[in-house]
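# A structural walkthrough
Here are the chains, one letter per residue:
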Amino acid sequence: MNTATLLAVTALLLTPGVQAEPDQLIIAGRLLDVRSGKLLPDQAILLEQDRVHSIVALGKLSTEQQALPRTDLSAYTVLPGLIDMHVHLTANPSAHGYRRLQQTPARQALFGVTAAAATLHAGFTTVRNLGAAGFADVALRDAITAGEITGPRMRVSGPGLCMTGGHCDNNLLPHTYQASGDGVANGADAIRAKVRSNMKYGADVIKFTATGGVLSRNTDVNASQYSLAEMQALVAEAHDRGASVAAHAHGLRGIKRALEAGVDSIEHASFIDDDAIKLAKSRGTYLVMDVYVSDYILQDGEAAGILPESLAKERTVGQLQRQNFSKAVKAGVKMAYGTDAGVYTHGLNGRQLNYMVQWGMTPLQAIQSATLHAAELLNWRNEQGQLNVGVLEPGAYADMVAIAGNPLEQITLLEQIPLVIKGGKAVKAP
Ligand code: ARG
C-alpha cells in the first residue's frame, strides 16, 4: 500500500459514520422489532464498539462473524433499552414539600447518583430529565457521559421555566426569605433570555409550566400560567436553538394554549378534552401522561412530606387523567412514556407500562411509547440522521434489555428486567 492509499484508507476509517467491521455479537432468541411489532426468532445483533452495526438472521452469519466474541441470549427476548421521557433523577421521593428546602443542588446531584443507577438497572437506558435546580441534572448527565458513575443516557432541561408564583417557582416561604425558583421568568424578553441561559449552561430541552401543579404550594392545576405570547416566544426561542419544548399542563386552558404555541409535548395532560385531543393529533404533538404516579402520591405521599393541599389536588387529578388517557389512546394521539419518577421511587419506572395497558393500550403500544415513540419525540440522532436510542437498528447505541418471556403477552415482565446492556456492555446480568 502506498502512502496516498494508506492516508485515504485511514481517513475513511476515521470518518464518523463509516461503518467499520463489527467487533462483537449478541444472539437473541427472539428480537422485538418495535417498528413492526414482530418478534423475530434467532437474530444476531452485530455491534461495532458501542453501536449497532447490523442485525442478521443467525443462519446468515459469515464465518468471520461467527468467530466474533459473543453474548448468548438465545434463551431471551431482546428489545431496545427503555426510555422514560419524564423523570427527576435529582429528586428524592421521600423528601417532598418543606423537606426539599434542606437540599442544595449539589446534594440533589449526589442523590441522583443512586437514582441514576437504579433507573438504568430497571432497564431504562435513556431518560429525559425535566426540571432540576442549579443544573444538578447537567452535572449528573456529564458525570455519566464521562464514565465516572453509572446511569442512563440523559437529556436534560435544567431548571423548568415558569412565571412568578408558578409551578416551578419556590412558593413555600413568605416574602421575608426572597426565595424563588431558578427558572422564573416573566414576559417574552425575559423568557427568551432564560431559554438562552438554560442552553448556555447545558440544557438539551426546554421545560416550562403552562398550568399550576399538584405538588407545588398555592398553585391551581386548572389555572393557566403564561400568556399565549409568552409561550410563543419561549417556543420560538427554543426551536431556534434546536431544542424541543415540553410543557407541563394539567388544566384544559393551559393545554390548549401550549398546543397553539407549538410545544413538542404536553406533560400530564390531565384534563385534556376531545377538542384538545384533536388539536394535538393534527399538530403531531405528543402527550406524556404519567398514569401510575397518582397511586404513590395517595398511598405514600403524606409520609414523604407531600403537603395536604397537594394530596387534595391529586384526588381531583389522578382518576380523570387516566380516563382521559383512555380517550387519547382511542383517538390515536402520539404518546410517549413518562412517569415522573422522582416524585415516586426511582427504579420503578416500568410499573406504568401495565397501567397504560389497563387503561387502553395494547402491550405493543405501551412498549412503543417507551422505545420508538419516545425516541421520535426526543429526536436525538447520530450524524447520519439515524435515531440514537429507542430502536435496535444500524447506527443506534447498542442499548437493550432481555427478559425470559414474551412482553407482548405479559407486559409486567418489564417491571423486573434481569439483563440490561448499555453501549454494548452488560450493566446488569442475572
Ligand atoms: N409533578 C406533577 C405535579 O406536581 C405531578 C402530578 C402527579 N399526578 C398525576 N396524576 N399525574 O403536578
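Anything mentioned here points back to the structure above.
I will try to describe carefully the structure that is included in this document. Residue numbering note: each chain is counted from 1, following its sequence as written. Confidence filtering applies because this is a predicted model: local features only for residues at pLDDT of at least 70, side-chain atom pairs given and counted only at 80 or more, and all residues used for totals across whole chains, interfaces and linings. Side-chain metrics in this entry use all non-hydrogen atoms of the structure; hydrogen atoms and water are not considered.

Note on aromatic contacts: the rings of Phe and Tyr and the six-membered ring of Trp form a pair at centre separations within 6.5 Å, being stacked when their planes are under 30 degrees apart, edge-to-face when over 60 apart, and tilted otherwise. Counted under the stated rule, the structure contains 7 aromatic pairs. Ring geometry for Tyr292 against Tyr344: centres 4.9 Å apart, planes inclined by 70°, an arrangement best described as edge-to-face. In this pair, Tyr292 sits in the loop between β11 (286-288) and α9 (293-300) while Tyr344 sits in the loop between α10 (308-331) and α11 (351-358), placing the two residues 52 residues apart along the sequence. In this structure, Tyr292 and Tyr344 share a single accessibility class: buried. Taken together, the aromatic side chains of Tyr292, Tyr296, Tyr344 and Tyr355 make up a single cluster linked through ring pairs. In our convention, an over-ring charge means Lys NZ or Arg CZ found within 6 Å of a ring centre and within 35 degrees of that ring's normal. The cationic tip of Arg51 hangs over the ring face of Tyr397; the distance from NZ or CZ to the ring centre is 4.0 Å. The secondary structure listing takes helices from DSSP runs of H or I that are at least 4 residues long and strands from runs of E that are at least 2 residues long, numbered from the N terminus. Think of it in three bands: residues with accessible area under 20% of the maximum for their type are buried, residues over 50% are exposed, and the middle band is partly exposed, with areas taken using a 1.4 Å probe on protein chains only.

This brings us to the state of the cysteines. For the purposes of this analysis, a disulfide is any pair of cysteine sulfur atoms at a distance within 2.5 Å. Throughout the structure, instances matching the rule amount to 1 disulfide. Between the sulfur atoms of Cys162 and its disulfide partner Cys168 the distance amounts to 2.2 Å. With the S-S dihedral at roughly -90°, the linkage between Cys162 and Cys168 falls on the left-handed side.

With that out of the way, let us pick up the environment of Pro69. Residue position: Pro69 is located in the loop between α2 (63-66) and β4 (70-80). On the accessibility criterion, Pro69 (54% relative accessible area) is exposed. Contacts are residue-level and defined by heavy atoms, with any inter-residue pair within 4.5 Å sufficient. Excluding its chain neighbours within four sequence positions, the residues that come into contact with Pro69 are Asp23, Gln24 and Leu25.

Attention now moves to the packing of helix α6 (residues 228-240) against helix α7 (residues 252-261). Only C-alpha atoms enter the line fits that serve as axes; for helices the fit covers just the stretch in contact. Angles between N-to-C directions range over 0 to 180 degrees. Packing of α6 against α7 leaves a shortest axis separation of 9 Å and a crossing angle of 45°. One way to sum up the angle between α6 and α7 is to call them oblique. The element α6 and its partner α7 pack so that their crossing is right-handed. The residues of α7 that touch α6, namely those facing Leu228, Met231, Gln232 and Val235, are Gly254, Arg257, Ala258, Glu260 and Ala261. Each angle is binned into one of four classes, with values under 35 degrees roughly parallel, values over 145 roughly antiparallel, values of 65 to 115 roughly perpendicular, and all other values oblique. For any helix crossing, the convention is left-handed if the near helix is rotated counterclockwise from the far helix by under a right angle, and right-handed if that rotation is clockwise.

Another point: the site of the ligand. Around the ligand there are 15 residues in total, and Val214, Leu215, His250, Glu314 and Asp340 lie nearest to it. Whenever a nitrogen or oxygen atom comes within 3.5 Å of another N or O atom, the pair is scored as a polar contact, on the condition that within protein one atom can donate a hydrogen and the other can accept it, and that pairs from neighbouring residues in sequence are kept only if both atoms are in side chains. Contact between the ligand and Leu215: an oxygen atom at 2.9 Å from a main-chain N or O atom of the residue. The separation between a nitrogen atom of the ligand and a polar side-chain atom of Asp340 is 2.9 Å. Note on areas: Shrake-Rupley with a 1.4 Å probe; residue coverage comes only from the protein chains shown. A total of 340 Å² of accessible area belongs to the ligand in isolation, and the protein chains cover 97% of it. The distinction between a cavity and a pocket rests on a 1 Å grid over the protein atoms alone: a 1.4 Å probe fits inside a cavity but cannot get out, while a pocket stays open yet meets protein on both sides within 12 Å along at least five of seven lines, and a residue with an atom within 4 Å of a point counts as lining. A molecule is counted as occupying a cavity or pocket when more than half of its atoms fall within 2 Å of that pocket's grid points. Because more than half of its atoms lie within 2 Å of the grid, the ligand is assigned to the largest pocket. For the shell around the ligand, the secondary-structure elements that each account for two or more residues are α9 and α10. Counting residues per element, the shell around the ligand draws most heavily on α10, at 4 residues. Gly is placed with the polar residues, together with every amino acid not listed as nonpolar (Ala, Val, Leu, Ile, Met, Phe, Trp, Tyr, Cys and Pro) or charged (Asp, Glu, Lys and Arg). For the shell around the ligand, the residue count by class is 5 nonpolar, 7 polar and 3 charged. Each residue is tested against the molecule or strand, and it is near if at least one of its non-hydrogen atoms lies within 4 Å.

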